[in-house]
Amino acid sequence: MQKTENFLLRVQELKKYFPVKRGFFKKPLYIKAVDGVSFNVSKGETLGIVGESGSGKTTLGLMILKLIKPTAGKIFFKNIDITDMSERKFRKLRRHMGVVFQDPSASLNPRMTVKEALKRPLIIHGIKEEKEINRRIIDILKKVGLGEEHLDRYPHEFSGGQQQRIAIARAIILNPELIVLDEPTSSLDVSVQAQILNLLLKLQRELNLTYLFISHDLTVVRHMSDRIAVMYLGKIVEIADTDELFGNAMHPYTAALLSAAPLPTPGARKIKRLMVTGEPPSPINLPEGCRFHPRCMYSTEKCKLQEPPLLEVKRSHFVACHRAEEIDVSNYVRELWTTITEEASYLRK
Ligand code: SF4
């Protein structure tokens, strides 16, 4: 077992409930976007977070960045409890965290040149000397594959891939340790996607960065992550090393999610997939017991009554399923992903 001081980030029983507006005399209702999530991230590691839309993965990232306040639970960054830390106190630590969002055209200010966008965080964090500012900006632009000639241009003068390079430069300009990457390539073409992912891997190696990589794209998350946490309706249902998850998935939802991935060449081969029926239940009215039971083909009476805890069933492989050790769902995943790996050569590291 790793000592807690070796983790850059620790999240314990984190919850975020959003109240739903109702009549004055009615019982309050909540959307349980994140509902008791715990994990650790080591320095230099990439933890991928996957799940369908509405699984709570983006809300989780926003809480870790302290952009929204948790309802309950704890967040430790560099072994400091930052959960309820005031913005004034947190300012010194904020420079050690960066973020890259999905849509760079929305996250970059259209009225700021590249130089102004990159200068802003330096000024906020007390770097005032013009020579030092210019040195840092040019250095960081080179790191992300841009140059001095881009300094005075505005975001609309760049392609989507170049805009995301600027957003990455802004995220790393203060030498952070942790970067939350929230679907950083979802809005880009496939060929540009691969360039940005490989840039992120290069920067991670050079700067010893730790990533929390949030995505619904399983090919991308597999390419990027050392470990992966699978979320379903606000909970982690499985967490394991990437190869272990793709080779030996144990939770029926993980198997269904991973086996729903499209082949790069559609119809090239017939592959057995694990199908789930129905839509996810409403996050306002979650089912008793296992949240996945109304859609799970392995469900039993126990599943309807008791919520399964997230338990370590193999070394570093945690699963929240009463039947994890008696059912074998990994065969739905292995063949498909062997084929995807063979075909998606553009993503090889
Ligand atoms: Fe399916 Fe039961 Fe496991 Fe939930 S606990 S995933 S319903 S088998």
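Residues numbered from 1 in each chain as written. Predicted model: local features only at pLDDT ≥ 70, side-chain atom pairs only at ≥ 80, totals over all residues. Heavy atoms only, no water.

### Brief notes about the side chain of His-150
So, point 1. Looking at the secondary structure, you find His-150 in the loop between helix H5 (130-143) and helix H6 (160-172).
So, point 2. His-150 sits in the buried class, given a relative accessible area of 9%.
So, point 3. A polar contact of 2.9 Å, which involves the side chain of His-150, links it to the backbone nitrogen of Gly-147.
So, point 4. Filtering out sequence-adjacent residues up to four positions away, His-150 remains in contact with Val-114, Phe-158 and Gln-162. (Helix = DSSP H or I, 4+ residues; strand = E, 2+ residues; numbered from the N terminus. Buried < 20%, exposed > 50% of the residue type's maximum accessible area, 1.4 Å probe, protein only. Polar contact = N/O pair within 3.5 Å; in protein donor to acceptor, adjacent residues only side chain to side chain. Contact = heavy atoms within 4.5 Å.)

### Focus on the side chain of His-293
So, point 1. As for its placement among the helices and strands, His-293 is situated in the loop between helix H10 (252-259) and helix H11 (301-305).
So, point 2. Polar side-chain contacts of His-293 include one of 3.0 Å to the backbone oxygen of Cys-290.
So, point 3. Here His-293 is in contact with Pro-287, Glu-288, Ser-299, Cys-303 and Lys-304, once residues within four sequence places are set aside.

### A look at H5
So, point 1. Compared with an ideal rise of 1.5 Å per residue, which puts 14 residues at 20 Å, H5 spans 20 Å between its outermost C-alpha atoms and is within 8% of the ideal.
So, point 2. Of the positions making up H5, those classed as buried are Ile-133, Arg-136, Ile-137, Ile-140 and Leu-141. Taken end-on, H5 shows its buried residues confined to a sector of 130°, consistent with a single buried face. Set apart from the buried face of H5 by more than 90 degrees, the exposed residues are Lys-131 and Lys-142. (Expected span 1.5 Å × (residues − 1). Arc of directions from axis to C-beta.)

### Overview of the site of the ligand
So, point 1. The environment of the ligand is formed by 13 residues, the closest being Cys-290, Cys-296, Cys-303, Cys-321 and His-322.
So, point 2. Because more than half of its atoms lie within 2 Å of the grid, the ligand is assigned to the largest cavity. (Near = heavy atom within 4 Å. 1 Å grid on protein atoms, 1.4 Å probe; cavity = no way out; pocket = protein on both sides within 12 Å on 5 of 7 lines; lining within 4 Å. Sits in = over half its atoms within 2 Å of the grid points.)

### Thoughts on empty space enclosed by the protein
So, point 1. Applying the stated criterion across every chain, the model contains 2 cavities of 30 Å³ or more.
So, point 2. The space that makes up the largest cavity amounts to roughly 90 Å³.
So, point 3. In this structure, the largest cavity is lined by 15 residues; those nearest its centre are Pro-252, Cys-290, Cys-296, Cys-303 and Cys-321.
So, point 4. Classifying every residue of the lining of the largest cavity gives 10 nonpolar, 4 polar and 1 charged.
So, point 5. For the second largest cavity, the calculated volume is near 40 Å³.
So, point 6. A breakdown of the residues in the lining of the second largest cavity according to their chemical character gives 6 nonpolar, 2 polar and no charged. (Points joined across faces, edges and corners; volume = space filled by probe spheres on them. Nonpolar A, V, L, I, M, F, W, Y, C, P; charged D, E, K, R; others polar.)

### Structural notes on the environment of Ile-140
So, point 1. Note that Ile-140 resides in helix H5.
So, point 2. In this structure Ile-140 comes out as buried when scored by relative accessible area, which is 5%.
So, point 3. Sequence separation between Ile-140 and Glu-116 is 24 residues; the distance between their C-alpha atoms is 14 Å.

### A short note on the sheet that holds strand E12 (residues 317-319)
So, point 1. Spatially, 8 strands are ordered E6-E7-E8-E3-E9-E10-E12-E11 in an open sheet, and the strand pairing comes out mixed. Each end of this open sheet is capped by a strand with a single partner; those strands are strand E6 (97-100) and strand E11 (311-314). Taking the axes of each pair of neighbouring strands and ignoring which way they run, one obtains an average angle of 25° across the sheet.
So, point 2. Pairing analysis gives 6 bridges linking strand E9 (residues 227-232) to strand E10 (residues 235-241), with the strands arranged antiparallel. Bridge pairing in E10 places Met-231 opposite Ile-236.
So, point 3. Against the sheet, H6 contacts E6 and strand E7 (178-182), and its axis sits at roughly 170° relative to E6. (Pairing = 2+ DSSP bridges. Axes fitted to C-alpha atoms, helices over the stretch in contact; angles between N-to-C directions.)

### Focus on unusual backbone geometry
So, point 1. Despite not being glycine, Glu-13 has its phi angle at roughly 45°, a positive value.
So, point 2. Note that Glu-13 resides in strand E1 (residues 7-20).
So, point 3. In this structure Glu-13 comes out as partly exposed when scored by relative accessible area, which is 47%.

### Concerning the layout of surface pockets
So, point 1. Space inside the largest pocket adds up to approximately 1100 Å³.
So, point 2. Taken together, 38 residues make up the lining of the largest pocket; nearest its centre are Ser-38, Phe-39, Asn-40, Ile-239 and Phe-318.
So, point 3. In terms of residue count, strand E2 (residues 29-42) provides more of the lining of the largest pocket than any other element does, 7 residues in total.
So, point 4. Residue composition of the lining of the largest pocket, by class: 16 nonpolar, 10 polar and 12 charged.
So, point 5. Quantified by volume, the second largest pocket comes out at close to 680 Å³.
So, point 6. Along the walls of the second largest pocket sit 24 residues, with Arg-94, Val-99, Pro-121, Ile-124 and Arg-170 positioned nearest its centre.
So, point 7. Taken together, the residues that form the lining of the second largest pocket break down as 14 nonpolar, 4 polar and 6 charged.
So, point 8. When residues of the lining of the second largest pocket are sorted by domain, at least three fall in each of domain 1 (4-96 + 174-343) and domain 2 (109-173). (Domains from an automatic or database assignment.)

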